[in-house]
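Structural features, examined
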Amino acid sequence: MNGQTPDTPIEHLLRELSPQALGVVARRFRDFSSAEDAMQEALLAAFRQWPREGIPENPRAWLIRVASRRMTDTVRSEVARRRRETAMTTEEEPTIEPADIETDMDPQDTLVLLFMCCHPALTTSSAIALTLRAVGGLTTAEIANAFMIPEATMAQRISRAKQSIKASKVPFRLPAPQGRRERLPAVLHVLYLIFSEGYASSIGIHLQRLDLAREAIRLTRGARGLLPEDAEVAGLLALMLLTDARRAARTGPHDELIPLDKQDRSLWDRAEITEGTNLLAVALAKGAVGLYQLQAAIAAVHDEAARPEETDWPQILALYELLQRVAPSPVVTLNHAIAVAMVHGPERGLERLRALDNDERLAGHYRLDAVRGHLLEMLGDFESAIQHYRTAAAKTTSLPEQNYLMTQAASLEEARRKNS
């Protein structure tokens, strides 16, 4: 399940069930680090056995049972080692019997796992990385892409995070209300990144991974159930719904990327747009406007336009300018440059992009070249646009995005030949 090849039905199922099963095992054995290792072994066993033997009648219980056996074996080995060293005569050995598995299920296990991973012993970046791995089911490479750092660096970060949780001895359970609020910023960031990877996969041959997007929406609904008065939780859920509403229009018959201004808007999910808009209105009425509410407001402006030319770009530009003050980031600057170009012309947008040329967070990232290519195309500088599109295509690890960028370059090359 490395994200480089098409997901099979078994892989989709394992991605969906993994965090649910991990939540049960971690809660029962009170050792997140070892439970995560045991779950990885259970997933590998399923990946080997299920294609040959068929999917079990209760696949989630199968994963819990296999991971629990691994955990029990680990506990027994540790107990035996301690007995040899200390001549102990008794030691409790946690076990989980097959008959206990279904009665032990808790609908909130995945949500507990989410808050547990966003642990006070961890830095925010480490907590987010660990949660993307345990709850989101992302590979280390996919998480590294989200953080724009090397895969080896991310692997070390995740390993250290697991060790920190184990050393803290904080029990595996849903935090008290005060603890939930303290962990909430990291939780929301994780959910946002899981959804983003599902909506636009950073690696592989598919543009979208619906399992991740749906799980992010489900978990965000759960977080809102825990914190119904929090405006940012509502804002994040609104953002997801308003963005996910365009899902059916984002790809063509061969999974090719269709940009926003070329989408068939009749395919947009009006029920999701209505729910997202209503959630956003409730969130904005609470007063303090945060990161996710502003992004949801931008998504809502796009969704309100029946045709691309009816998009209220001045309003989008104003929202991005506010977003830059609330939560500045290179990605916000990148999107702000596009809005500037749409309102004031591509020259102004390109001028805005220059602020990112020396930003190490975007160094070598395809998005900067892709946006620059788009603005140069708007300007009519096809030769420079072609170069940037090709450079961006060489950098992205998403095949649909790579194909789209190369198609853009080829179309401009054809147009340039016709005009010469």
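The rules behind these values
Residues numbered from 1 in each chain as written. Predicted model: local features only at pLDDT ≥ 70, side-chain atom pairs only at ≥ 80, totals over all residues. Heavy atoms only, no water. Helix = DSSP H or I, 4+ residues; strand = E, 2+ residues; numbered from the N terminus. Buried < 20%, exposed > 50% of the residue type's maximum accessible area, 1.4 Å probe, protein only. Contact = heavy atoms within 4.5 Å. Areas by Shrake-Rupley, 256 points an atom, 1.4 Å probe, with all protein chains shown as cover. Phe/Tyr/Trp six-rings, centres within 6.5 Å; stacked < 30°, edge-to-face > 60°. Lys NZ or Arg CZ within 6 Å of the ring centre and 35° of its normal. Axes fitted to C-alpha atoms, helices over the stretch in contact; angles between N-to-C directions. Parallel < 35°, antiparallel > 145°, perpendicular 65-115°, else oblique. Left-handed = near helix turned anticlockwise from the far one by under 90°. Nonpolar A, V, L, I, M, F, W, Y, C, P; charged D, E, K, R; others polar. pLDDT = per-residue confidence, 0-100. Expected span 1.5 Å × (residues − 1). Polar contact = N/O pair within 3.5 Å; in protein donor to acceptor, adjacent residues only side chain to side chain. Salt bridge = Lys/Arg side-chain N within 4 Å of Asp/Glu carboxyl O.

A few words on the overall build of the protein chain. For the protein chain, the count of helices and strands is 18 helices and zero strands. Taking all 420 residues of the protein chain together, the buried fraction comes to 51%. Restricting to contacts in the protein chain with at least 6 residues of sequence separation, those with at least 24 account for 64%. Split by element, the accessible area of the protein chain, about 19800 Å² in all, is 51% carbon and sulfur.

Another point: the packing of aromatic side chains. A full pass over the atoms with the stated rule returns three aromatic pairs. One Lys or Arg, Arg 246, reaches over the ring of Trp 268 and ends 5.9 Å from the middle of that ring.

With that out of the way, let us pick up the packing of helix H10 (residues 231-244) against helix H11 (residues 270-284). With their axes 8 Å apart at the nearest point, H10 and H11 run at an angle of 155° to one another. It follows that H10 is roughly antiparallel to H11 by the angle criterion. Considering the relative orientation of H10 and H11, their crossing is left-handed. For the pair H10 and H11, the contacting residues are Ala 231, Ala 234, Gly 235, Leu 237, Ala 238, Leu 241, Leu 242 and Asp 244 in the first and Glu 272, Ile 273, Glu 275, Gly 276, Thr 277, Leu 279, Leu 280 and Ala 283 in the second. In the contact of H10 with H11, the residues fall into 10 nonpolar, three polar and three charged.

Before going further, it helps to examine unusual backbone geometry. Glycine aside, residues mostly have negative phi angles, and peptide bonds mostly take the trans form. Backbone geometry places Asp 255, a non-glycine residue, at a positive phi of 65°. One can find Asp 255 in the loop between H10 and H11. Given the relative accessible area of 24%, Asp 255 is considered partly exposed.

Here the focus is the confidence of the model for the protein chain. Chain-level pLDDT for the protein chain is 85 on average; 89% of the residues reach the 70-or-more range. Within the model, pLDDT remains below 50 along residues 88-99, and this stretch shows 26 contacts once partners closer than five positions in the same chain are excluded. In this model, residues 101-105 is a region of pLDDT below 50 whose contacts with residues beyond four sequence positions or in other chains number 15 contacts.

It is worth spelling out helix H13 (residues 313-326) at this point. With 14 residues, H13 ought to run about 20 Å at 1.5 Å a step, and its terminal C-alpha atoms sit 20 Å apart, in line with that. Against the buried residues of H13 lie helix H12 (291-304), helix H14 (330-344) and helix H15 (346-353). The opening residue of H13, the one whose side-chain oxygen lies 3.2 Å from the backbone nitrogen of Gln 315, is Asp 312.

Here the structure, examined in full by the defined rule, presents 21 salt bridges. Each of Glu 36, Asp 37, Arg 133 and Lys 162 takes part in a single network of salt bridges with overlapping partners.

Let's shift gears to the environment of Ala 337. Position of Ala 337 among the secondary structure elements: in helix H14. For the pair Ala 337 and Gly 349, spaced 12 residues apart in sequence, the C-alpha separation works out to 4.6 Å. Here Ala 337 is in contact with Gly 349, Arg 352, Leu 353 and Leu 375, once residues within four sequence places are set aside.

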